[in-house]
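Architecture at a glance
Chain by chain, the residues:
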Amino acid sequence: MAKQPSHDVVSDLVDFLNASPTAFHAVDEAKRRLQSAGFHQLSERELWELQPGNKYFFTRNHSTIVAFAIGKKYVAGNGFYIIGAHTDSPCLKLKPVSKDIAKLMGSGERVLSVLEGALLWDF
């Protein structure tokens, strides 16, 4: 895989975030990107005919997406790795401009609203 310059990665992330104001939009955007990267959509209602070397995904309730790739040398019974993420929380949004924060915005600061229950750890 060719390494992208950091500004391209950041621009791609911003494009994804702009296309994904909700979990539903994030799943739709991820689905579009997976299909353009050669992933095949599966249905949970059908029998899966999985083949080594292929990439797959499925969605549930338009708010969950699961994607996976099977290595070309994979043999049934071997182990596998799982990586998980979620698209619903935290939902970071810039607060609308109000008189109370107008002074902050004039100084170059932005006020961020964390929607949903965020776990904000300080490591």
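Definitions and limits used
Residues numbered from 1 in each chain as written. Predicted model: local features only at pLDDT ≥ 70, side-chain atom pairs only at ≥ 80, totals over all residues. Heavy atoms only, no water. Helix = DSSP H or I, 4+ residues; strand = E, 2+ residues; numbered from the N terminus. Buried < 20%, exposed > 50% of the residue type's maximum accessible area, 1.4 Å probe, protein only. Contact = heavy atoms within 4.5 Å. Areas by Shrake-Rupley, 256 points an atom, 1.4 Å probe, with all protein chains shown as cover. pLDDT = per-residue confidence, 0-100. Axes fitted to C-alpha atoms, helices over the stretch in contact; angles between N-to-C directions. Parallel < 35°, antiparallel > 145°, perpendicular 65-115°, else oblique. Nonpolar A, V, L, I, M, F, W, Y, C, P; charged D, E, K, R; others polar.

**Quick notes on the overall build of the chain**
- Broken down by element type, the chain carries three helices and five strands.
- Taken from the N to the C terminus, the helices and strands of the chain come in the order α-α-β-β-β-β-α-β.
- Within the chain, the proportion of its 123 residues that are buried is 15%.
- Sequence-distant contacts in the chain: of pairs separated by 6 or more residues, those separated by 24 or more amount to 28%.
- Carbon and sulfur atoms make up 57% of the accessible area of the chain, which amounts to about 10,400 Å² in all.

**Here's the deal with the confidence of the model for the chain**
- Confidence along the chain averages 79 in pLDDT terms, with 67% of residues attaining 70 or more.
- Of all the helices and strands in the chain, strand β5 (residues 112-115) carries the lowest mean pLDDT, 54, while strand β1 (residues 40-41) carries the highest, 97.

**Comments concerning the packing of helix α1 (residues 6-18) against helix α2 (residues 23-36)**
- At their nearest, the axes of α1 and α2 sit 9 Å apart, and the two run at 130 degrees to each other. Classified by the interaxial angle, the pair formed by α1 and α2 is oblique. Residues D12, D15 and F16 of α1 touch α2, and the partners they reach there are A26, E29, A30 and R33.
- Class assignment of the residues belonging to the contact of α1 with α2 gives a composition of three nonpolar, no polar and four charged.

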